[in-house]
Amino acid sequence: MVSKHLRIDRSTFSELVEKHERYLADPKSGERISLIDATLTGIQATDIDVQNAAFTGTIFINCSFWRVNFQESDFELCDMSVCTFEGSNLRNAGLRGVRMKGSNMKKVDLTGADLGPATSGLADQSATADLSDSDFERAEMRKAVLAGANMRRANLFECDLEGAILRDAALEDANLSGANLNGADLSGAKLKGAHLRNAKLEGANLAGADLEGAKGFFSLKELDPPLQKKITDHVDWVMSEGREGQRANLKGAKFGGKKLAYIELTCADLSGADLRNCDLTGAYLAGADLHGADLTGATMAEADLRGADLTGAVLEGVDLSDAQTKELIVKSRNGTTKLKTRIDAG
């Protein structure tokens, strides 16, 4: 039975869930949740199963759901703003035109979910999903449809967005650090000012994307395959704090003239490397061994050189005034160590 325009409190929701769980066990003994334009207020639920439920056009007010199974449920045109769905299962859910501005979506599984535009009101009107300012840290979003979605300032740290459709999505100032965007369609996406440190972009479609001010390394494919492998292994090493991947040994490597803006080389061995005329804008070189490296004419604006060793490095024509050269504080089980940036005087 479809229920319209109901106001549902905790007690009523518990009754609906009980009937729905009976329905999942035996459709003849229960009743599927099927709501249209309802209002859910103050609902708090943990570890319940409401898969294949319908909440079309429903407004969620001050609601919290932890590890709830919403798989294949319908949330089209719902307003889920400033709510919590942390750890919940929304695989293959219908979320077209949804509004979840400022919501907690940490570790949510949105694999295969559809968050594309929905028809709103008149047939010729379209509502795009609003996910702005939401927290999707470490969410699973493989092959999710996010075409045209508003994801401005969203936290997508270490999200798995492999193969996701992000065509024309608004991702200005979003945090995509460590995100897996391999094979994602980012054509026409607005990534102005987005943070993409260590984001994986192999096979990603960036045609027509606005990358102005985006802080990410987009030139991996321009390097020789052996160097590509060393860089990707090093990123895994950094992101896992040494548990995976391998620290990059790039002693004497030849990078001359390459675009290396925002490349991850923290603690890498670059001693004697050829970095002449490289663009190292914003490069992550904290704790790196650069002694004897040739950096003639390199661009180092905003590069992180805290605790790096540049003794004997050739720095002709290099401006380090905008680079970070303060000491690097390293914390470990044995205490705190301070590493000073070493640059030959004069």
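See the structure printed just above.
So, here is what we can say about the structure in this document.

## Some thoughts on the overall build of the protein
Scanning the protein for helices and strands turns up two helices and 16 strands. When the backbone C-alpha atoms are referred to their principal axes, the protein occupies close to 80 × 50 × 30 Å. Counting the 346 residues in the protein, one finds 46% classified as buried. Long-range pairs, those at least 24 residues apart, make up 22% of the contacts in the protein between residues at least 6 apart in sequence. If you sum the accessible surface of the protein, you get close to 16,500 Å²; carbon and sulfur atoms cover 45% of it. Between the mean site of the 42 positive side-chain charges and the mean site of the 52 negative ones, the protein shows a separation of 2 Å.

## With respect to the pattern of salt bridges
In total, this model carries 25 salt bridges according to the counting rule given. Across the salt bridge formed by Lys200 and Asp236, the nearest N and O atoms sit 3.9 Å from each other. Note that Lys200 is positioned in the loop between strand 11 (195-196) and strand 12 (215-216) and Asp236 in helix 2 (residues 225-239), a separation of 36 residues in sequence. We classify Lys200 as partly exposed; its relative accessible area is 39%.

## What to know about the packing of aromatic side chains
Across all of its chains, the model carries 11 aromatic pairs by this definition. Aromatic side chains Phe60 and Phe85 sit 6.2 Å apart centroid to centroid with 70° between the ring planes, which places their arrangement in the edge-to-face category. A residue pair is termed long-range when its members are at least 10 positions apart, and Phe60 in strand 7 (residues 59-61) and Phe85 in the loop between strand 8 (64-66) and strand 9 (118-119) qualify at 25 residues. For Phe60, a relative accessible area of 2% corresponds to the buried category.

## Describing the sheet that holds strand 7
The three strands are arranged 2-4-7 in an open sheet whose pairing can be described as parallel. In the strand order of this sheet, the two ends are held by strand 2 (7-8) and strand 7, each with one partner. With two bridges connecting them, strand 2 and strand 4 (residues 39-41) associate as parallel partners. Within strand 4, the residue paired with Arg7 across the bridge is Thr39.

## Brief notes about the nonpolar core
Judged by nonpolar contacts, the single largest core of 65 residues is most densely connected at Phe55, Met141 and Leu181. Apart from residues lying up to four places away in sequence, Leu181 is in contact with Leu161, Leu166, Leu176, Leu186, Leu196, Ala199, Lys200, Leu201 and Ala204.

Rules used throughout
- Residues numbered from 1 in each chain as written.
- Predicted model: local features only at pLDDT ≥ 70, side-chain atom pairs only at ≥ 80, totals over all residues.
- Heavy atoms only, no water.
- Helix = DSSP H or I, 4+ residues; strand = E, 2+ residues; numbered from the N terminus.
- Buried < 20%, exposed > 50% of the residue type's maximum accessible area, 1.4 Å probe, protein only.
- Contact = heavy atoms within 4.5 Å.
- Areas by Shrake-Rupley, 256 points an atom, 1.4 Å probe, with all protein chains shown as cover.
- Lys, Arg positive; Asp, Glu negative; His and termini not counted.
- Charge placed at Lys NZ, Arg CZ, Asp CG, Glu CD.
- Salt bridge = Lys/Arg side-chain N within 4 Å of Asp/Glu carboxyl O.
- Phe/Tyr/Trp six-rings, centres within 6.5 Å; stacked < 30°, edge-to-face > 60°.
- Pairing = 2+ DSSP bridges.
- Core = buried A, V, L, I, M, F, W, Y, C linked by side-chain atoms within 4.5 Å.

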